[in-house]
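An overview of the molecular structure
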Amino acid sequence: MPAMNMIQALNSALDVMLERDPKVLILGQDVGYFGGVFRVTDGLQKKHGLTRCFDAPITEGGIVGAAIGMGAYGLRPVVEIQFADYIYPAYDQIVSEAAKLRYRSAGQFTAPLTIRSPYGGGIFGGQTHSQSPESLFTHIAGLKVVIPSNPHDAKGLLIAAIEDDDPVIFLEPKRIYNGPFEGWRDRPVSSWAGHPQAEVPAEHYVVPLGQAAIARAGEAVTVLAYGTMVHVALAAAAHAGIDAEVIDLRTLVPVDIDTVTASVRKTGRCVIVHEAPLTSGFGAELSALVQERCFYHLEAPIVRVTGWDTPYPHALEWDYFPGPERVAEALRNVLSGEVA
Amino acid sequence: MTTPAQTNAPALSLHVPEPPRRPGEAPDFSGLVLAEAGAVARPPVHAPAETLRDLPYTLIRVLDGSGRAVGPWNPGLDAQTLTAGLKAMILTRTFDERMYRAQRQGKTSFYMKCTGEEAIACAQAGVLRREDMGFPTYRQQGLLIARGYPLVDMMHQIYSNAADPIKGRQLPIMYSSRDYGFFTISGNLGTQYPQAVGWAMASAYSGDDRIAAAWIGDGATAEGDFHQALTFASVYRAPVVLNIVNNQWAISSFAGIAGAENTTFAAKGLAYGLPSLRVDGNDFLAVHAATAWAAERARSNLGATLIEFFTYRAAQHSTSDDPARYRPGDEAALWPLGDPIQRLKAHMIREGVWSEADHQSAEHEAQEAVRAAAREAEAVGTLGQSRVSSRTLFEDVFAQPDWRLRRQRQQLGV
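Every chain begins its residue count from 1, and numbering advances along the sequence as written. Written order determines the labels here, with chains lettered from A and ligands numbered from 1. Side-chain atom pairs in this predicted model are given and counted only at pLDDT of 80 or more, local residue features only at pLDDT of at least 70, and totals for whole chains, interfaces and linings cover all residues. In computing side-chain properties, one takes all heavy atoms of the structure into account and sets aside hydrogens as well as water.

**So, the overall build of chain A**
Formally: Think of it this way: any DSSP run of H or I at least four residues long counts as a helix, any run of E at least two long counts as a strand, and we number them from the N terminus. Note on method: radius of gyration uses C-alpha positions; expected globular size equals 2.2 Å times residues raised to 0.38. Here the term buried applies to any residue with accessible area under 20% of the maximum for its type, exposed to any over 50%, and partly exposed to those in between, with areas from a 1.4 Å probe on protein chains only. Whether two residues touch is decided by their heavy atoms; if any such pair falls within 4.5 Å, the residues are in contact.
Per the secondary structure count, chain A includes 12 helices and 12 strands. In terms of overall dimensions, chain A is globule-like: its C-alpha atoms have a radius of gyration of 19 Å, near the 20 Å expected for 340 residues. Overall, the C-alpha framework of chain A stretches about 60 × 45 × 40 Å when taken along its three principal axes. The 340 residues of chain A split such that 65% are buried. Contacts spanning at least 24 positions in sequence make up 78% of the contacts within chain A whose residues lie at least 6 apart.

Next up, the structure:
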């Protein structure tokens, strides 16, 4: 089985789908001849043809609007928004149009498009290349939201997203494109080489939407995380020497509530980690869901470790980033009962 | 308040456009420059865009003041096509009047008439094919009516009753009919424009022979979606007919607030390299001819055309609006380009293919058709008397409901 980093795995997913389904096409800024600023579409235009993977003007609203029309026609467009920070000009088309077409037309028109976008920080990208806008989409009826944490899942989830008959927001944690990142800013960068989840089948396979994975089984505390923060949570558990159960949500909407509930009922404790700001972040939804279903099993308050309620900074990135020290402290606190 | 100018330079002043006349004043159309009927040349459809740059600044007209069809844009329609077009316009106006009254009687919450603009959708419905896809805004009911879409289904939608084809999901008049080439209407203005371009690109990508069309109002051309769509249409030569219905008014804002003091709406296509026409929207024959020209360009893989239809919103914006508060009351009656129904009628009578008696009988037929549809729709129920099952609230959010929707449906107890 070939070893792939996340970029190669996503490229393989797109390659497989272009090969299998003539209704699949890709558009976005710089995705054509050049192959994308992160190289995710590298070689796809040359292999599959100019009209299968092509450059789009710098107009995110136009890109998504056109893709909705393509979806309504019967195609399965895959759109790349170059950075999630650039997605806001397309917000009306995503929220008012893509998400609502099936409902408002009683099924006459649908928008089976996949919107891929690199997101998240830890790359010294500053405010406009680091944001985590997932909760702006998890709140919208009619959207699914997917975030992979490793090459194997990235490919299988992207294929599932493209094959899904509804619009999917597919956010790619760009900090871990080339290797898992545990959040230690001063340690050497690691690559995916040798990582078990970098073993990626060359052929078509699906990781179903709506199914979480248990990244680390444990008994002491449940950690809910996704994307880069899965690796940070694993590092934090090791750093604190705590037998945490780390759940990689993989799909935020619809979230795998059964896996979450079973884990928290078992451990009696729950820490939620995301890079996005605290207030109204997806952690708030997770916290409410856990409270509603696991209240009588909880032995400590649910704790969220997140980005601060500030814009994403540049020079102070590592003060913002919820790294393993902060997560480890939260793990210790929910075990000792010292929760503010 | 900021401090006044610090230098001897002349003080700047902010310009806020105002229409020439307000309520209580006599309408003033002296600013309108209207080309004579027949005066504008009709270039071949394959003429390069750079040879067509005068077209956005004139006005393509076919019907002159005496009802004659003149000039190179005369589409030469046969009596059958003319009759069908006139009947569709009469039926559209009759339907509008009936549903306006229904709203005033409390049978529904909201209605929007297209009075004075009937020629646009009714002529275009016959040029575009039903298999093409139209991305309308909210004043193109003539497309459905001219294609014979059941009036009763429109009424079911307006009444949001149990037989509403879209299950009571949308505000009245926000129709959707895939089978009639009518895309689901959005209340967020302008969003349909890039979608139409994308649909057209998909057709071209697929080697299909269908084209798309989109409609937008003069006011909504200020939305980013309009410019995004023109960029896409130009870049990818999408087979799409992009229509601007310039009816002079965006609720209470005159077209000057959307930039009409400084240029024409058609001229906005020039910077994108799109052939752009400006057409008398109250002239059925001119609408037909211009749309046929644009559709032929699209079908010949020559790409998109922008068409501004110059017309007047004779009715209020919606049943929630009162134009007497912001424009002269008789402006519609005195509109220099007249009433599209009267103009086509005069032409057909002049041509000897129509008579006053035919007209009266067509109006009577329209009344009867609308009355029969209303009886049928009201038997199902008007707004609030009848509605779809509460279970349907949770349907069509996704192809398959997830656990949240299943649980919430149980919580509602349905």
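**Some words on the packing of aromatic side chains**
Rule in force here: Ring geometry is summarised as follows: Phe, Tyr and Trp rings, the Trp one being its six-membered ring, pair when their centres sit within 6.5 Å, and such pairs are stacked at plane angles under 30 degrees, edge-to-face over 60 and tilted between the two.
By the definition in use, this model includes 24 aromatic pairs over all chains. When the ring of Y73(A) is compared with that of W199(B), the centres are 4.9 Å apart and the planes differ by 75 degrees; the resulting orientation is edge-to-face. Here Y73(A), found in helix α3 (residues 60-73), pairs with W199(B), found in helix α5 (residues 192-205), and the two come from separate chains. Using a relative accessible area of 14% as the deciding quantity, one classes Y73(A) as buried. Exposure remark for W199(B): the relative accessible area of 2% places this residue in the buried category. Seen in terms of ring centroids, F181(A) and F321(A) are 5.7 Å apart; in terms of plane orientation they differ by 65 degrees. Their pairing is edge-to-face. Of the two residues, F181(A) is situated in the loop between β6 (168-173) and β7 (213-216) and F321(A) in the loop between α11 (317-320) and α12 (324-336); the sequence distance between them amounts to 140 residues.

**Structural notes on the sheet that holds strand β8 (residues 221-225) of chain A**
Whenever strands of a sheet pair, they do so through backbone hydrogen bonds, lying parallel or antiparallel. Residues and elements named next belong to chain A. Using the following cut-off: The pairing criterion for strands is at least two bridges between them, as found by DSSP. Axis definition: a line fitted to C-alpha atoms, limited for helices to the stretch in contact. Angles are taken between N-to-C directions and run from 0 to 180 degrees.
Spatial ordering of the open sheet is given by β7-β9-β8-β11-β12, a layout of 5 strands whose pairing is mixed. Strands at the two margins of the open sheet, each flanked by one partner only, are β7 and β12 (303-307). Looking at each pair of strands side by side, their axes are set apart by 25 degrees on average, direction ignored. Direction of pairing for strand β11 (residues 270-277) relative to β12: parallel, over a ladder of 4 bridges. Along β12, the bridge assignment pairs P277 with G307. The sheet contacts of helix α8 (residues 228-240) involve β7, β8, β9 (244-248) and β11, and relative to β9 the element is tilted by about 175 degrees. On the sheet, α12 packs against β8, β11 and β12 and is oriented at approximately 170 degrees with respect to β12.

**Here's the deal with the interface of chain A and chain B**
Using the following cut-off: Buried area is a sum: the accessible area each of two parts loses on coming together, probed at 1.4 Å, counted once for each and added. Every case where a carboxyl oxygen of Asp or Glu lies within 4 Å of a side-chain nitrogen of Lys or Arg is listed as a salt bridge. Under this definition, polar contacts are N or O atom pairs within 3.5 Å; protein pairs additionally need one hydrogen-donor-capable and one acceptor-capable atom, and for neighbouring residues in sequence, both atoms have to be side-chain atoms. In this count, Pro and Cys sit with the nonpolar residues alongside Ala, Val, Leu, Ile, Met, Phe, Trp and Tyr, while Asp, Glu, Lys and Arg are called charged and the others, Gly among them, polar.
Contacts between the two partners involve 47 residues from chain A, matched on the other side by 44 residues from chain B. A buried area of about 3,600 Å², summed over both sides, lies between chain A and chain B, and 61% of it is on carbon and sulfur atoms. In terms of surface lost to chain B, no three residues of chain A exceed Y73(A), Y103(A) and R104(A), which account for 23% of the buried area on that side. Counting across the chain A and chain B interface gives 0 salt bridges. The interface formed by chain A and chain B contains 25 residue pairs in polar contact (both at pLDDT 80 or more). At 10 residues, α3(A) tops the list of elements feeding residues into the side of chain A that touches chain B. A per-class count over the side of chain A that touches chain B returns 25 nonpolar, 12 polar and 10 charged.

**Looking at the state of the cysteines**
Residues and elements named next belong to chain B. The condition is simple: In what follows, a disulfide is any cysteine sulfur pair within 2.5 Å.
In total, this model carries 0 disulfides over all chains according to the counting rule given. With no disulfide of its own, C114 has C122 as its nearest cysteine by sulfur position, at a separation of 6.9 Å. Residue class for C114 comes out buried when judged on its relative accessible area of 2%.

**Section: empty space enclosed by the protein**
Residues and elements named next belong to chain A. For clarity, the cut-off: Of the two site types, the cavity is a set of points on a 1 Å grid over the protein atoms alone where a 1.4 Å probe fits but cannot get out, and the pocket is an open set with protein on both sides within 12 Å along at least five of seven lines, each lined by residues with an atom within 4 Å of a point. Grid points are joined across faces, edges and corners, and a volume is the space filled by probe spheres set on the points. An automatic or database domain assignment provides the domain bounds reported here.
What the rule picks out here adds up to 3 cavities of 30 Å³ or more. Roughly 50 Å³ of internal volume is contained in the largest cavity. Considering the residues around the largest cavity, the lining is formed by Y119, E134, P173, Y226, T228, M229, V273, H274 and E275. Listing elements by their share of the lining of the largest cavity, those giving two or more residues are α8 and β11. Of all the elements, β11 adds the most residues to the lining of the largest cavity, at 3 residues. Here the lining of the largest cavity is composed, by residue class, of 5 nonpolar, 2 polar and 2 charged. Here the lining of the largest cavity spans two domains, since at least three of its residues come from each of domain 1 (6-198) and domain 2 (213-336). Space inside the second largest cavity adds up to approximately 40 Å³.

**Thoughts on the domain arrangement of chain A**
Residue and element names in this part refer to chain A. As assigned here, chain A comprises domain 1 (6-198) and domain 2 (213-336). With 34 residues of domain 1 at the interface, the matching set in domain 2 holds 28 residues. For the pair domain 1 and domain 2, the summed buried area comes to about 2,600 Å², and 62% of that belongs to carbon and sulfur atoms. Remark: the boundary between domain 1 and domain 2 carries 1 salt bridge. Residue D153 is joined to R250 by a salt bridge in which the shortest nitrogen-to-oxygen separation is 3.2 Å. Scanning the region where domain 1 abuts domain 2 turns up 14 residue pairs in polar contact (both at pLDDT 80 or more). Per element, the largest residue contribution to the side of domain 1 that touches domain 2 is 3 residues, and it comes from strand β5 (residues 144-146). Grouping the constituent residues of the side of domain 1 that touches domain 2 by class yields 15 nonpolar, 13 polar and 6 charged.

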